[in-house]
Amino acid sequence: MRITCAIFLWLAGGAVQAVAQASGNLPKSAAEKLQQQVKTRITVNGKADSAIDRRSEQAFMPWKDKVIRKIDIKHISFERNFYDTTRQVRMRSVARLANRLHVTTREQMIRDNLFIRSGRPLDPYKLADNERYLRDLDFLLDATIAVVPLEHTSDSVDLVIFTRDVFSLGGNFSPRSVDRYRFGVYDVNVGGYAQRLGFNALYDAARHPQMGYQVLYSKYSVAGSLINATLSFTQLNNGSSLGMEDEYAVYLRLDRPLVSPYTRMAGGVEISRNWSVNVYDKSPADFRQYSYNITDVWAGYNLGIRNRQENRGRHFIGFRIFDQHFNQRPAQPAEVNNPVYNHQRYWLGGVTFFKQNFYKTRYIYGFGRTEDVPYGRQLTLVAGKVSQLQRSRPYAGAEFTFSGVRKNGDFLTATLSAGGFVRNRSAEDLVVAAQLTFFSRILEWHHSKVRQSVTLSYSTLYNQQTLAPLSLRSELGLNSFPADSLLGNRRLGVQAETLLFTPASLSGLSACPAGVCRGRAYCRSGPKAAGAAGLAKPGCRHAHPQRKPGVRHH
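Residues numbered from 1 in each chain as written. Predicted model: local features only at pLDDT ≥ 70, side-chain atom pairs only at ≥ 80, totals over all residues. Heavy atoms only, no water.

## Quick notes on the pattern of salt bridges
Side-chain pairs of opposite charge can arise where the charged atoms are in close proximity. For the structure on display, the rule yields 21 salt bridges. The residue Asp-72 makes a salt bridge to Lys-70 at a minimum N-O spacing of 3.6 Å. Between Arg-135 and Glu-131 there is a salt bridge, with the nearest N and O atoms lying 3.5 Å from each other. One end of the pair is Arg-135 and the other is Glu-131, both in helix H6 (residues 124-136) and four residues apart, which spans about a single turn. Glu-131 shares its class with Arg-135; the two are buried. (Salt bridge = Lys/Arg side-chain N within 4 Å of Asp/Glu carboxyl O. Helix = DSSP H or I, 4+ residues; strand = E, 2+ residues; numbered from the N terminus. Buried < 20%, exposed > 50% of the residue type's maximum accessible area, 1.4 Å probe, protein only.)

Below you can see the structure in the form of structure tokens.
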């Protein structure tokens, strides 16, 4: 792996020098400095596969307040990552095939996802935020920004943005049995225009029709607005499905995330139509026939964006309006008072106080790619009103999160949240949850790297009325546990996972076996343990680190 990374760095440095000489704006000495800077940004202590543990803005501090003269985009092709000197001919063939099948991201698509501008002073924090945002895009595997000092002036610099694409074509196949399986194909960067097209399907011999499918289209940063759009039709019960039957759905989703503490506005809207379909030929007495529409709108305004560069504290004020309206309800008498099949609407407002920065590291979710770990604190307060089952109840909730990085490279995140309703001067559907997650520093072991993670979680549901009971199958429980019938009002979970990153490779692809130990997850039953699903985690959305699909999520 060290040989592979060393060749990648050498070629990347050569690419930088070629760009500098082609532009005619950088003398050879400046190009050499840039080449060395790129190597420094990617390596630590001369070890090409070392983990990075440093503040994301640290590399840009020497050029703080320098004027950005221009921004260049440079693409790193596949062979500079897959190239392996032990199998030169074979890997060259793989790289050539990949380059033929893959369309490189257009330069304008990268510029559409920039919120740094030429002609403005360089803000190290904002530059680091944009570098992180580029890495979070589905169609980019990695991105780094290099600052190029100019010899003829001391008050201006150039920026060179290096990007490396994800191989955009892919597929999946998940067999459950001989006559039941899922499959799909996708292109995450159709034509290099930052757009995704996917087709997913389910084959089940007991289903009628035997195959159901989903078609999905997404566009990232429409016209450079940082608004992501998704349109989909699905027969796989995987849209915004809230009922208990298999549902077809068509939905449109627009979302503009809070990409940086310097972003002023964020928001989103989702509109969907869902209807149940009797694909497993249930009897009329058992099948619930229904249809409903969902409208979900949220927006927020970020205060404090004009604070000093070093002051990252912000106040984010937001609101959310959610409406689920049934056009047809199930005919079964038992479902008349089921909150799942009744109109629900809520109006919520909230404020988030947050101060968040990032560490750059590797070997947490991916193999060697640059990753961004948040640290800081965040407090969210939410209040509003919820209408459901012909009752209107005020809601209040709070969540506090603290993330830290120790000097030795350990990461720690703690979250405490509580939220519930008030009716007749008593609390109803009150959920209290706590979670603690620990990632150890990288440990060297026989030329391999080991990282250990441990997660502890606890949840309790008090005075359940309309919310669903707690289940083991949850992000705070055992997410892959199949026993949906184990429900209760208290849940305790412990998860431990060991990741081993080895120097071994198969056809140039690095190996990362993972050992997972999940245990001691309990769900204690209590009164009203057979309730139905209702409103879960209402609240305004705010800044959270994004994760790339295909990367391991915990």
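## Some details on the environment of Phe-233
By the secondary structure assignment, Phe-233 is in strand S9 (residues 228-234). Sequence separation of Phe-233 and Tyr-248 is 15 residues, and the distance between their C-alpha atoms is 7.6 Å. Excluding anything up to four places from it in sequence, Phe-233 contacts Tyr-213, Gln-214, Val-215, Tyr-248, Ala-249, Val-250 and Trp-275. (Contact = heavy atoms within 4.5 Å.)

## Notes on the side chain of Arg-451
Counting through the fold element by element, Arg-451 comes out in strand S20 (residues 448-462). Using a relative accessible area of 2% as the deciding quantity, one classes Arg-451 as buried. One polar contact links the side chain of Arg-451 to the main-chain carbonyl oxygen of Ser-440, over a distance of 2.7 Å. (Polar contact = N/O pair within 3.5 Å; in protein donor to acceptor, adjacent residues only side chain to side chain.)

## Structural notes on the confidence of the model for the chain
Looking at the chain as a whole, the pLDDT averages 78, with 74% of positions reaching at least 70. Under a pLDDT of 50 for its full length, residues 1-28 has, in the predicted model, 47 contacts with residues more than four places off or in other chains. Segment residues 81-90 is flagged for pLDDT under 50; beyond a separation of four residues in sequence, or across chains, it makes 16 contacts in the model. (pLDDT = per-residue confidence, 0-100.)

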